Amino acid sequence: MGIECKLILQRLPDGQRELYFGHEKLVPFYETASSGTLALVDLYRRLIPKNWDPSFIYLDEFDAFYHYEMSEKVINFLREDILNVRLL
């Protein structure tokens, strides 16, 4: 979606994994990402499973935390790259 950042996934000593922004010092992703970025991650997690052939998708206020240009990019991405459908 045009967001440029380096993400690093690290395994913690207790075996869990944690996602970080890669800077000079690792910055915890989920603690510091903007509300719009977190909403986008949640949308990806829910809508982009590997084996998925939806017949209907209802997105209510999915863009509440997005800039209007990001909302347009998300809709175009879903329409063209994921669903391959024409919106009504």
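Refer to the structure above for everything that follows.
Residues numbered from 1 in each chain as written. Predicted model: local features only at pLDDT ≥ 70, side-chain atom pairs only at ≥ 80, totals over all residues. Heavy atoms only, no water.

(A) Geometry of the sheet that holds strand β2 (residues 17–21). Strand order in the open sheet formed by three strands is β1-β2-β3, and the pairing between neighbours is antiparallel. Edge strands, defined here as strands with exactly one partner in the open sheet, are β1 (7–11) and β3 (27–28). Where β1 meets β2, five bridges bridge the pair, whose relative direction is antiparallel. Its bridge partner being in β2, Ile 8 is matched across the sheet by Tyr 20. (Pairing = 2+ DSSP bridges. Helix = DSSP H or I, 4+ residues; strand = E, 2+ residues; numbered from the N terminus.)

(B) Up close: the layout of surface pockets. For the second largest pocket, the calculated volume is near 220 Å³. Lining the second largest pocket are 14 residues; nearest its centre among them are Leu 7, Thr 37, Leu 40, Val 41 and Tyr 44. For the lining of the second largest pocket, the elements supplying multiple residues, two or more each, are β2, α1 (29–32) and α2 (35–47). No other element matches α2, which puts five residues into the lining of the second largest pocket. (1 Å grid on protein atoms, 1.4 Å probe; cavity = no way out; pocket = protein on both sides within 12 Å on 5 of 7 lines; lining within 4 Å. Points joined across faces, edges and corners; volume = space filled by probe spheres on them.)

(C) Local environment of the environment of Leu 38. On the secondary structure map, Leu 38 appears in helix α2. Of the residues examined, Leu 38 reaches a relative accessible area of 28% and is grouped as partly exposed. As a C-alpha pair, Leu 38 and Phe 65 span 27 residues in sequence and 9.0 Å in three-dimensional space. Discounting residues that sit within four places of it in the chain, Leu 38 has contacts with Phe 29, Tyr 30 and Ala 33. (Buried < 20%, exposed > 50% of the residue type's maximum accessible area, 1.4 Å probe, protein only. Contact = heavy atoms within 4.5 Å.)

(D) Spatial organisation of the side chain of Thr 37. Its location among the elements puts Thr 37 in helix α2. Among the polar contacts listed, one links the side chain of Thr 37 to the side chain of Ser 34, at a separation of 3.0 Å. (Polar contact = N/O pair within 3.5 Å; in protein donor to acceptor, adjacent residues only side chain to side chain.)

(E) A look at α2. Given a rise of 1.5 Å per residue, 13 residues ought to cover 18 Å, and the 18 Å separating the end C-alpha atoms of α2 matches this to within 8%. The complete set of buried residues in α2 reads Gly 36, Thr 37, Ala 39, Leu 40, Leu 43 and Leu 47. Take α2 and look down its axis: the buried residues cluster within an arc of 160°, on one side only. Counted as exposed and oriented over 90 degrees from the buried face of α2: Arg 45 and Arg 46. (Expected span 1.5 Å × (residues − 1). Arc of directions from axis to C-beta.)

(F) How the structure looks around the packing of aromatic side chains. The tally for this structure, following the rule as stated, stands at two aromatic pairs. Summarising the aromatic geometry, the rings of Phe 21 and Phe 29 are spaced 4.9 Å apart at their centres and angled 45° between planes, so their arrangement reads as tilted. Exposure remark for Phe 21: the relative accessible area of 13% places this residue in the buried category. Their ring planes at 85° and their centres at 5.0 Å tell us that Phe 29 and Tyr 30 sit as a pair that is edge-to-face. (Phe/Tyr/Trp six-rings, centres within 6.5 Å; stacked < 30°, edge-to-face > 60°.)

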